[in-house]
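# A closer look at the structure
One-letter residues, chain by chain:
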Amino acid sequence: MTRTILHIGGLMPAELAQLETDYRVIRLGRENDPEGILQQYRNDIVGIVTSFTRRVNRQLIEALPNLEIICQFGVGVDNIDLEAARERQIVVTNTPDLVTNDTADIAMALLLSCARRVVEGDAYVRVGKWANGPMPLGVSLSGKTAGIVGLGRIGQAVVRRAAAFDMKIAYYGRQEKPEFSYSYYPDLGKLAKDSDFMILTVSGGAETRHLVNADILKALGPEGYLINVARGSVVDQEALLVALRNQDIAGVGLDVFENEPQVPEALFTMDNVVLLPHVGTATVETRTKMGRLVLKNLHAYFSGEPLMTPVAA
Ligand code: 8YV
């Protein structure tokens, strides 16, 4: 029997083609009438493949009475209503570990871009400003404090990179991690105050929503930079715009936004801002591995084998 999988998001073309070889796949993004197609196949769909920008909410889960597994193409699962899945004993998988290094690289790219004005410098040369004189100076990374918010897998990978740039390391998290000797701050405001660069690598979701608010940004201060490779929801975006306008902080490097792919236009005209379109995992190698892991999880589940990377229920 060919099983029916609802594809909502994620996967590179080769893995999507493989999915279509192995299963009957409903590609929601290609349907003119997604509601109608869901209605038509609601009893057949046993699995969902999705990615961060696509919501798998309670309404969708409840509309699919035979849904058994949701496979996330990514590590963060804050787009999935885990509670609704748990109630129905629907299995959820994600793609941890694979995404760690590339995401940490993007954190460093943003860090360097902000501190050394890389993006601004590129534009400076291209528009011919250089001939009229040098551009404004940047700031050094070495000797500065990187304040990591969330010392999980990605946070630790950022730490390794920041340490190689001779930065001091401090971190905030729910709990101290005694296996690391970096300075632990149970108070985010204090970490912000002592950080030159505050780097967000914490998970998204209700628990971390607007963790970085106006007070935290004030504490970061006019010489502090904010780097976000976590989730847009972690930062109060309105408060961030105010802080940038008032020069309460020195600058910001963002790979993620509150309502992707919408980005507040106010950011487009600010110099002290570097913007990326959520590319933390956007390399051929990583996206391919993520897709293969999605396929492996699906295969394991339907073969009755242990899942590769289940999300804890
Ligand atoms: C996205 C991510 O899933 O891993 C995560 O949590 O945010 C990313 O890998 C990716 O952009 C695919 O949508």
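Along each chain, residue indices are assigned from 1 in the same order as the chain's sequence is written. Restriction of local features to residues with pLDDT of at least 70 applies here, the model being predicted, together with a cutoff of 80 or more for giving and counting side-chain atom pairs; totals for whole chains, interfaces and linings are based on all residues. Only hydrogens and water are set aside; all other atoms, that is, all heavy atoms of the structure, feed into the side-chain values.

The protein appears in an unreviewed UniProt entry as 2-hydroxyacid dehydrogenase from Micavibrio aeruginosavorus. UniProt positions are given in the numbering used here, feature names are shortened, and annotations may be inferred rather than shown by experiment. As recorded by UniProt, the Sequence similarities (unreviewed entry) comment attached to the protein reads in full: "Belongs to the D-isomer specific 2-hydroxyacid dehydrogenase family."

Our focus in this paragraph is the domain arrangement of the protein. What the domain assignment lists for the protein is domain 1 (4–98 + 284–302) and domain 2 (100–275). Between the C-alpha centres of domain 1 and domain 2 there is a distance of 32 Å. Facing nine residues of domain 1, the contacting portion of domain 2 comprises seven residues. Buried area: the accessible area, evaluated with a 1.4 Å probe, that two parts lose upon being put together, summed over both parts. For domain 1, the biggest contributors to the area lost against domain 2 are Phe 52, Asp 78 and Asp 97; these three give 56% of the whole. Throughout this description, the term salt bridge denotes a Lys or Arg side-chain nitrogen within 4 Å of a carboxyl oxygen of Asp or Glu. There are two salt bridges connecting domain 1 and domain 2. Of the charged contacts in the structure, one is a salt bridge between Arg 231 and Asp 78, with a shortest N-O distance of 3.0 Å. Side-chain atoms alone can form a polar contact between residues adjacent in sequence; in general such a contact is a pair of N or O atoms within 3.5 Å, and within protein one must be able to donate a hydrogen while the other accepts it. Along the contact surface separating domain 1 from domain 2 lie three residue pairs in polar contact (both at pLDDT 80 or more). Domain delimitation in this document rests on an assignment produced automatically or drawn from a domain database. When checking whether two residues touch, look at their non-hydrogen atoms; a contact exists if any pair is within 4.5 Å.

It is worth spelling out the sheet that holds strand β7 (residues 168–172) at this point. Judged by pairing direction, the sheet is parallel, and its seven strands sit side by side in the order β8-β7-β6-β9-β10-β11-β12 without closing on themselves. Each edge of the open sheet carries a strand with a single partner, namely β8 (183–185) and β12 (273–275). Neighbouring strand axes in the sheet, compared pairwise and without regard to direction, differ in orientation by 15 degrees on average. As paired elements, strand β6 (residues 145–149) and strand β9 (residues 197–200) share four bridges and run parallel to each other. Bridge pairing in β9 links Ala 146 to Phe 197. Comment: axis = line fitted to C-alpha atoms, over the contacting stretch for helices; angle = value between 0 and 180 degrees taken between N-to-C directions. Helix and strand assignments come from DSSP, with helices taken as H or I runs of at least 4 residues and strands as E runs of at least 2, each series counted from the N terminus. Helix α7 (residues 153–164) contacts β6, β7 and β9 of the sheet and is inclined by roughly 175 degrees relative to β6. Paired strands, as defined in this entry, are two strands with at least two bridges between them according to DSSP.

Next up on the list: the side chain of Ser 51. With respect to the helices, strands and loops of the structure, Ser 51 is situated in the loop between β3 (45–50) and α3 (58–63). For each residue, the accessible area found with a 1.4 Å probe, counting protein chains only, is set against the maximum for its type, and the residue is called buried under 20%, exposed over 50%, and partly exposed in between. With relative accessibility at 11%, the residue Ser 51 sits in the buried group. Setting aside chain neighbours within four positions, we find Ser 51 in contact with Gly 9, Gly 10, Gln 72, Phe 73 and Asn 79.

The rule is short: rings of Phe, Tyr and Trp, with Trp giving its six-membered ring, pair when the centres are within 6.5 Å, and they are stacked under 30 degrees, edge-to-face over 60, tilted in between. For the structure shown, the criterion picks out five aromatic pairs. The interplanar angle of 45 degrees and the centroid separation of 5.2 Å between the aromatic rings of Tyr 171 and Tyr 184 together place this pair among those described as tilted. Separated by 13 residues along the polypeptide, Tyr 171 in strand β7 and Tyr 184 in strand β8 bring together distant segments of the chain. What makes Tyr 171 buried here is its relative accessible area of 1%. We call a charge positioned over a ring when the NZ of a Lys or the CZ of an Arg lies within 6 Å of the ring centre and within 35 degrees of the ring normal. For Arg 231, the ring lying beneath its charged end belongs to Phe 52, and the centroid distance is 3.7 Å.

Ordered in space as β2-β1-β3-β4-β5, the five strands form an open sheet in which the pairing is parallel. Of all the strands in the sheet, just β2 (24–27) and β5 (91–93) have a single pairing partner and so form its edges. Neighbouring strand axes in the sheet, compared pairwise and without regard to direction, differ in orientation by 20 degrees on average. Of the strand pairs in this sheet, strand β1 (residues 4–7) and β2 are connected by four bridges, and their pairing is parallel. Bridging across to β2, Thr 4 finds its partner in Arg 24. Strands β1, β2 and β3 of the sheet are contacted by helix α1 (residues 13–22), whose axis makes an angle of about 130 degrees with β2. Sheet strands in contact with helix α11 (residues 284–302) are β1, β3, β4 (69–72) and β5, and its direction is about 165 degrees off that of β4.

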